[in-house]
Each structure stands twice: as C-alpha cells, then as structure tokens.
Amino acid sequence: MTKILMVCLGNICRSPLAHGILESKLNTFKFYVDSAGTAAYHVGHQPDHRSIKVAKNNNIDISHQTARQFNASDFDKFDYIYAMDASNYTNIISLARNNSDIGKVKLFLEENPNISNKNVPDPYYGDMSDFEYVFDLIETTSTIIAKKLLED
Ligand code: 4NP
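The protein is annotated in an unreviewed UniProt entry as protein-tyrosine-phosphatase from Winogradskyella marincola.

Structure follows, in structure tokens:
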C-alpha cells in the first residue's frame, strides 16, 4: 500500500482539503491518504467550516476528519509527505532524522508545472473566495498526483 500524508500548519484548512480531494481520486485499496499539521493549535478539531463547505459544494465530505500534529513517526508510516507551503516544509524537515526522511518530503505544488508560486496560500484569515481558490489549486494538483500514482 502506498501512503500519502498532506501537511499544513493547523491541519484545519488546506491539508484536510488535500487529504479529502486526493482520497476521492484514489478510490482503491492500494492507497492510504492522511493529513496533519505542524502546529498543535487545533488538535482534535474538525476542519474549518469553510473548508468543509467548499468541499461539500464539490461533493467531497471532509467533516469526519480530526486534526492531529505531525510527528517524526510519520516519516516511518508514509511514503510521500506533501507540505502545503515552504514554512510547513521547513518545519517538517526540522524533525527529519536522516536522508531517507528528508527524501520523502516535497512541496505539494512541485507536482504542478503550471503553477509558478509553489506555496498554497493560507486561507485562514481570508474569506470564502480564498477557500474556493485554494480548493481549485489543490484539486488540479491532486489530479496530477493521482494520475502519477495510478500509473506507477
Ligand atoms: P491551515 O490554516 O494551516 O491551512 O490549517 C491555518 C489554520 C489555523 C491557523 C493558521 C493557519 N492558526 O493560526 O490557528
């Protein structure tokens, strides 16, 4: 089984969307998708209501997800670890124990050659249009990632 982890700061806005969207595209028992945050602020919380809403408007249910904090054991559990932005990337790498750990981590948008800014913007302090923009960015990139994974 191939295991993929999506990581942002709070695990309530961006990575729950990436988790739910990629999962919806990899509907086979060969894949496991999860998400986590580098910070502990929202551990145990449901995704932000705006992420739940934008996902629901696109027929994806993320309301059952629960925020958790990224930890070093995730390097053992996952094959691919995707950081939503450069700050998340740095925080993940700071917990890496060896080169194998480091090799698993990539910026999520590195998979999308059509996007030059490789940071998924944090919509937390924004409004619904920011969440819609983030949804579309994650959706198009997840299509590329899913195609690659399904071809492997
Ligand atoms: P996320 O967004 O990293 O996409 O889940 C954020 C959620 C919460 C906070 C920051 C970003 N916060 O500062 O509480």
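Colleague: Could you give an account of the overall build of the protein, naming the residues involved and the relevant values?
Modeller: If you tally the helices and strands in the protein, you get 6 helices and 4 strands. Written out in order from the N terminus, the α and β elements of the protein read β-α-β-α-α-β-α-α-β-α. Whereas a compact globule of 152 residues would reach a radius of gyration of roughly 15 Å, the protein reaches 14 Å, a difference of no more than 12%. By its C-alpha atoms, the protein is 40 × 35 × 30 Å across when sized along the principal axes. Across the 152 residues of the protein, 46% fall into the buried class. For the protein, the proportion of contacts with a sequence separation of at least 24, taken over those separated by at least 6, is 72%. Summing over all exposed atoms, the protein offers an accessible surface of approximately 7,700 Å²; the carbon and sulfur share of this is 51%. Of the side chains in the protein, 15 bear a positive and 19 a negative charge, and the two mean positions are spaced by 4 Å.

Colleague: Tell me about the pairing of strand 3 (residues 80-83), and name the residues and values.
Modeller: Summarising the sheet, strand 1 (residues 2-8) and strand 3 pair through 4 bridges and their orientation is parallel. Looking across to strand 3, one finds that L5 is bridged to I81. Where strand 3 meets strand 4 (residues 105-107), 3 bridges bridge the pair, whose relative direction is parallel. For Y82, the partnering residue across the bridge sits in strand 4 and is K106.

Colleague: Give me the lowdown on the sheet that holds strand 4, citing residues and values where you can.
Modeller: If you trace the 4 strands from one edge of the open sheet to the other, you get 2-1-3-4, paired in parallel fashion. Two strands in the sheet have a free side with no partner beyond their single neighbour: strand 2 (31-37) and strand 4. Mean inter-strand twist for the sheet, computed between neighbouring axes without regard to direction, equals 25 degrees. In this sheet, strand 2 lies alongside strand 1 in parallel orientation, the contact comprising 7 bridges. Paired with L5 across the two strands is D34, which belongs to strand 2. Across the face of the sheet, helix 1 (residues 14-25) comes into contact with strand 1 and strand 2 while running at roughly 155 degrees to strand 1.

Colleague: Lay out helix 1 in plain terms, naming residues and giving numbers.
Modeller: Helix length check: helix 1, at 12 residues, gives a terminal C-alpha distance of 17 Å against a target of 16 Å (1.5 Å per residue), a fit within 8%. When you tally the buried positions in helix 1, you get 9 out of 12 residues, the bulk of the element. R14, S15, P16, L17, A18, H19, G20, I21 and L22 are the residues of helix 1 that are buried. The secondary structure elements touched by the buried residues of helix 1 are strand 1, strand 2, helix 2 (49-57), helix 4 (86-93) and helix 6 (128-151).

Colleague: Provide a residue-level description of unusual backbone geometry, including the pertinent values.
Modeller: One non-glycine residue, N11, lies in positive phi territory at about 60 degrees. Here N11 is to be found in the loop between strand 1 and helix 1. The phi angle at N59 is positive, at roughly 65 degrees, despite the residue not being glycine. Within the fold, N59 resides in the loop between helix 2 and helix 3 (74-77). N59 sits in the exposed class, given a relative accessible area of 74%.

Rules behind the numbers
- Residues numbered from 1 in each chain as written.
- Predicted model: local features only at pLDDT ≥ 70, side-chain atom pairs only at ≥ 80, totals over all residues.
- Heavy atoms only, no water.
- Helix = DSSP H or I, 4+ residues; strand = E, 2+ residues; numbered from the N terminus.
- Rg over C-alpha atoms; globule rule 2.2 N^0.38 Å.
- Buried < 20%, exposed > 50% of the residue type's maximum accessible area, 1.4 Å probe, protein only.
- Contact = heavy atoms within 4.5 Å.
- Areas by Shrake-Rupley, 256 points an atom, 1.4 Å probe, with all protein chains shown as cover.
- Lys, Arg positive; Asp, Glu negative; His and termini not counted.
- Charge placed at Lys NZ, Arg CZ, Asp CG, Glu CD.
- Pairing = 2+ DSSP bridges.
- Axes fitted to C-alpha atoms, helices over the stretch in contact; angles between N-to-C directions.
- Expected span 1.5 Å × (residues − 1).

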